[in-house]
Amino acid sequence: MSSSRWYGDDRLHYGVGIEDTFIPHERVGHRKLDEYELTQHYSRWEEDLDLVAASGAEFLRWGIPWYLVEPAPGQFDWSWIDRVAERMHQLGLRCIVDLMHYGTPLWLENSFLNAEYPERVASYARAVAERYQAVWADFTPLNEPVVNAEWCGQNAAWPPYLEGQDGFVKIIMQLARGMVRTQQETAAVHPDPTFVHVDAGFLFEGETSPLPRELLEERRFVALDLIMGRVAAESPITGWLTSHGVTDAELQWFRDNALTPDVVGVNYYPRFSKAKIRDGVVDPVRADAGGLRELVEAYSARYQLPIAITESSLVGTPEEKIEWLQQSAAELTALRSEGHEIVAFTWFPFFTLVDWLYRFDSQSPDAWFREFGLVDLVRGADQSLDRVRNASFDVFLELARKGRADG
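**Quick word on the environment of Ile-171**
- Counting through the fold element by element, Ile-171 comes out in helix H7 (residues 164-189).
- Take Ile-171: its relative accessible area is 0%, and that puts it in the buried class.
- Separated by 11 residues in sequence, Ile-171 and Pro-160 place their C-alpha atoms 8.9 Å apart.

**Observations concerning the sheet that holds strand S10 (residues 274-278)**
- With mixed pairing, the 3 strands of this open sheet are ordered in space as S8-S10-S11. The open sheet is flanked by strand S8 (203-205) and strand S11 (281-285), the only strands paired with a single partner. Here the average twist between neighbouring strands, direction ignored, is 35°.
- Relative to S10, S8 runs parallel, the two being bridged by 3 bridges. Note that in S10 the partner of Leu-203 across the bridge is Lys-274.

**Concerning the pairing of strand S7 (residues 194-200)**
- Taking burial as the measure, the 7 residues of S7 include 7 buried ones, the bulk of the element.
- Because side chains alternate across S7, one face comprises the buried residues Thr-194, Val-196, Val-198 and Ala-200, and the other comprises Phe-195, His-197 and Asp-199, equally buried.
- Pairing of S7 with strand S9 (residues 263-267) involves 5 bridges; the strand directions are parallel. The residue bridging Ala-200 from the neighbouring strand is Asn-267, located in S9.

**A word on the packing of aromatic side chains**
- On inspection of all chains with the given rule, the structure shows 35 aromatic pairs.
- Between Trp-151 and Trp-356 the ring centres are 5.0 Å apart and the planes differ by 85°, which places this aromatic pair in the edge-to-face class. Of the two residues, Trp-151 sits in helix H6 (residues 145-154) while Trp-356 sits in the loop between strand S14 (353-354) and strand S15 (369-370), which places them 205 residues apart along the sequence.
- For Trp-356, a relative accessible area of 19% translates into the label buried.
- Look at Tyr-299 and Tyr-303: their rings are 6.1 Å apart centre to centre, the planes differ by 40°, and that puts the pair in the tilted class. Separated by 4 residues within a single helix, Tyr-299 and Tyr-303 lie in helix H12 (residues 288-303), roughly one turn from each other. For the pair Tyr-299 and Tyr-303, a shared accessibility class is recorded, and that class is buried.
- Aromatic rings pair up to connect Phe-22, Tyr-36, Tyr-42, Trp-62, Tyr-67, Phe-76, Trp-78, Trp-80, Tyr-132 and Trp-136 into one cluster.

**A closer look at the nonpolar core**
- Counting 129 residues, the largest nonpolar core has Trp-62, Trp-136 and Phe-350 as its most contacted members.
- The element best represented in this core is H7, accounting for 10 residues.
- Core analysis: the next-biggest nonpolar cluster, separate from the first, contains 10 residues, Phe-59, Ala-308, Val-343 and Ala-344 among them.

**A few points about the environment of Leu-108**
- Within the fold, Leu-108 resides in the loop between strand S5 (94-98) and helix H5 (117-131).
- Classification of Leu-108 by relative accessible area gives buried; the value is 3%.
- On a C-alpha basis, the gap between Leu-108 and Asp-34 in space is 17 Å, while along the polypeptide they are 74 residues apart.

**What to know about the pattern of salt bridges**
- Enumeration according to the criterion identifies 31 salt bridges in this entry.
- We note a salt bridge from Arg-61 to Asp-98, for which the minimum N-O separation is 2.9 Å. Of this pair, Arg-61 sits in strand S4 (residues 59-63) while Asp-98 sits in strand S5, and the two are 37 residues apart along the sequence. Pair check on accessibility: Arg-61 and Asp-98 agree, each one buried.
- Among the ionic contacts, a cluster of salt bridges with common partners joins Glu-119, Arg-126, Arg-181 and Glu-185.

Cut-offs applied
Residues numbered from 1 in each chain as written. Predicted model: local features only at pLDDT ≥ 70, side-chain atom pairs only at ≥ 80, totals over all residues. Heavy atoms only, no water. Helix = DSSP H or I, 4+ residues; strand = E, 2+ residues; numbered from the N terminus. Buried < 20%, exposed > 50% of the residue type's maximum accessible area, 1.4 Å probe, protein only. Pairing = 2+ DSSP bridges. Axes fitted to C-alpha atoms, helices over the stretch in contact; angles between N-to-C directions. Phe/Tyr/Trp six-rings, centres within 6.5 Å; stacked < 30°, edge-to-face > 60°. Core = buried A, V, L, I, M, F, W, Y, C linked by side-chain atoms within 4.5 Å. Salt bridge = Lys/Arg side-chain N within 4 Å of Asp/Glu carboxyl O.

Laid out in structure tokens, this is it:
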């Protein structure tokens, strides 16, 4: 499937995404977290893809479980991915492939800290792009690098279990280098790739600690600024990075290898993307359409690139989801009329997910179900998870149809 620069046709494309967090590492008090396994996507993927097609979605954000595809260094098992890719092709679904969604293979010692991580992830990405170049043309090198660095480097929740700002910096530098090498290696073997870089959209209210608000507002852009070679001596974030051991030579490497995404993906959740942080305590602040506008304006002014809302949804009743679909559609229409190049909106996740806190608990997955989706998961007597559309599914379908008609 050629990319044909789908985002250049001056309309808003509607898509969905399937939650694809993979943290296979286990230790005392930390369970394996594989969303495909917990939601039975591995066994019900055909039904899930059929539902995506039925929703009217033009594209699907969907990720590859690297730890399963490359069970040993340089040894690949494509058997399941082949079938999924073929079915997507049959359904005419454009897939924006999440090459990395948080977790590394078990064999990669110290996870992201491993000196070979950037080259290992790039080698895996090259293998994906080469094998599937006939069906996939859109790639996200790594999902939400800032969130990844927080959970792996700042909060000691995921491997390699570092803590504090020093840990955050160590991880974000490795992630950013891996993103650069992934895009380089993918472009080396794919004839016409599109790169959609995705990060969480953070908003802050009031004074914050332990980091001042001014620094937090710069830190949210750090990964994209690094890979684009924008971190110079005079950059507001440079002093903070160098105080945690980043060298001038490392920053120069990013400038020498600077790359530009085709589309900047921004993830926004109207009920928790904005936060008030005081004395280290995070309290979510409901921001609704105003927060969406604030983020789009910030990213549009900073990068002047096409923008996709790559995740947005809420936990609530179908009526609340319908209200957000309508609010976000209206706000994005207004922003587009004001000249902001917004090319896509993604309802993510498409169906129920299992809260990440499941990893640190002993209760069943059902206790951690969060009903974000247009489709609910309902446990049957045989323990299968039935896929049940809720009322928001049909409203999304109407918006997606209108988006196509506008073309």
